[in-house]
Amino acid sequence: MPEAEIARAVQLLDLMLEFFADNSHWARGCYDDGNGGHCLVGALLHLSRKHRLPTAPAIALLQDAMPRPGLPLVHFNDTRCGSVAELRSVILKARRLAHDHAEQERAATAVKAWLLTQIEKKRPATADSVKTAPHEPFAPERLAA
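These numbers were taken from a predicted model, which means no experiment stands behind them.

Considering the packing of aromatic side chains
1) Next: Across all of its chains, the model carries one aromatic pair by this definition.
2) Next: Both rings, one in Phe 19 and one in Phe 20, keep their centres 5.1 Å apart while their planes meet at 85°; by these two values the pair is edge-to-face. Here Phe 19 and Phe 20 have matching classes, each one buried.

Some remarks on helix H4 (residues 73-80)
1) Next: Regarding H4, the residues found buried are Leu 73, Phe 76 and Asn 77. All buried residues of H4 lie within an arc of 95° about the axis, which places them on one face of the element.

A closer look at the pattern of salt bridges
1) Next: Within this structure, the stated rule accounts for one salt bridge.
2) Next: Here Arg 95 ties to Asp 14 by a salt bridge, and the two come within 2.3 Å at their closest N and O atoms. Placement of the pair is Arg 95 in helix H5 (residues 84-131) and Asp 14 in helix H1 (residues 3-19), with a sequence separation of 81 residues.
3) Next: On the basis of relative accessible area, Asp 14 is assigned to the partly exposed category, the value being 31%.

Some thoughts on the environment of Pro 72
1) Next: Take Pro 72: it is sitting in the loop between helix H3 (56-65) and H4.
2) Next: Here Pro 72 falls in the partly exposed class, since its relative accessible area comes to 43%.
3) Next: When the C-alpha positions of Pro 72 and Leu 62 are compared, they lie 9.7 Å apart, and in sequence the two are ten residues distant.

With respect to the side chain of His 38
1) Next: On the secondary structure map, His 38 appears in the loop between H1 and helix H2 (40-51).
2) Next: Assessed through its relative accessible area of 7%, His 38 is described here as buried.
3) Next: Within polar-contact distance, the side chain of His 38 engages the backbone oxygen of Tyr 31 at 3.0 Å.

Considerations on the nonpolar core
1) Next: Residues Met 16, Phe 20, Leu 40, Leu 62 and Ile 91 are the most contacted members of the largest nonpolar core, which totals 33 residues.
2) Next: For this core, the element with the highest residue contribution is H1, accounting for nine residues.
3) Next: Residues within four places of Phe 20 in sequence aside, it is in contact with His 25, Trp 26, His 38, Cys 39, Leu 40, Ala 43, Val 84, Leu 87, Arg 88 and Ile 91.

Points about the confidence of the model for the protein
1) Next: Of the residues in the protein, 78% have a pLDDT of 70 or more, and the chain-wide mean is 85.
2) Next: Mean pLDDT across the secondary structure elements of the protein bottoms out at H5, with 77, and peaks at H2, with 98.

Thoughts on unusual backbone geometry
Comment: phi is negative for the bulk of residues other than glycine, and the bulk of peptide bonds are trans.
1) Next: With a phi angle near 55°, Arg 52 is a residue other than glycine that sits in the positive phi range.
2) Next: Examined against the element boundaries, Arg 52 turns out to sit in the loop between H2 and H3.
3) Next: Of the residues examined, Arg 52 reaches a relative accessible area of 77% and is grouped as exposed.

A few points about the side chain of Asn 77
1) Next: Mapped onto the elements, Asn 77 comes out in helix H4.
2) Next: Its relative accessible area of 0% is what places Asn 77 among the buried residues.
3) Next: A distance of 3.0 Å separates a polar side-chain atom of Asn 77 from the backbone oxygen of Ala 27.
4) Next: Here the side chain of Asn 77 touches Asp 78 through a polar contact of 2.9 Å, side chain to side chain.
5) Next: For Asn 77, the contacting residues outside a window of four places in its chain are Trp 26, Ala 27, Arg 28, Cys 39, Leu 40 and Leu 87.

Reading the values: rules and limits
- Residues numbered from 1 in each chain as written.
- Predicted model: local features only at pLDDT ≥ 70, side-chain atom pairs only at ≥ 80, totals over all residues.
- Heavy atoms only, no water.
- Phe/Tyr/Trp six-rings, centres within 6.5 Å; stacked < 30°, edge-to-face > 60°.
- Buried < 20%, exposed > 50% of the residue type's maximum accessible area, 1.4 Å probe, protein only.
- Helix = DSSP H or I, 4+ residues; strand = E, 2+ residues; numbered from the N terminus.
- Arc of directions from axis to C-beta.
- Salt bridge = Lys/Arg side-chain N within 4 Å of Asp/Glu carboxyl O.
- Polar contact = N/O pair within 3.5 Å; in protein donor to acceptor, adjacent residues only side chain to side chain.
- Core = buried A, V, L, I, M, F, W, Y, C linked by side-chain atoms within 4.5 Å.
- Contact = heavy atoms within 4.5 Å.
- pLDDT = per-residue confidence, 0-100.

As structure tokens, this is what we get:
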């Protein structure tokens, strides 16, 4: 996930933490309860539309933060989550994962830059050896079978 995408996902997760600051905005069994309450997915969709932020990166991070791998977000919200505090802890874990992804991206970029530098250092040596090679045509030797 590119860093810009991670930054937008963190922004959306921060908005969700703010939204779920207390119990009054959390709903179960529906995306929107009609009184300003939303479930986890409903809040994600609502805040994403309101602030024009993409949902996919935040959903991926929330999925990775689930207490059990593969647990659907809606199922977690409606049956597994016991409190707003637990809901917020999953969102906080998703934020930490986002920062881990950002660190991995920076490390990968640094390694790529280092490798490209190493390749560039080797190229002049290869180019010089080709220039000093004899100008005879290449004649491969026949290998014995």
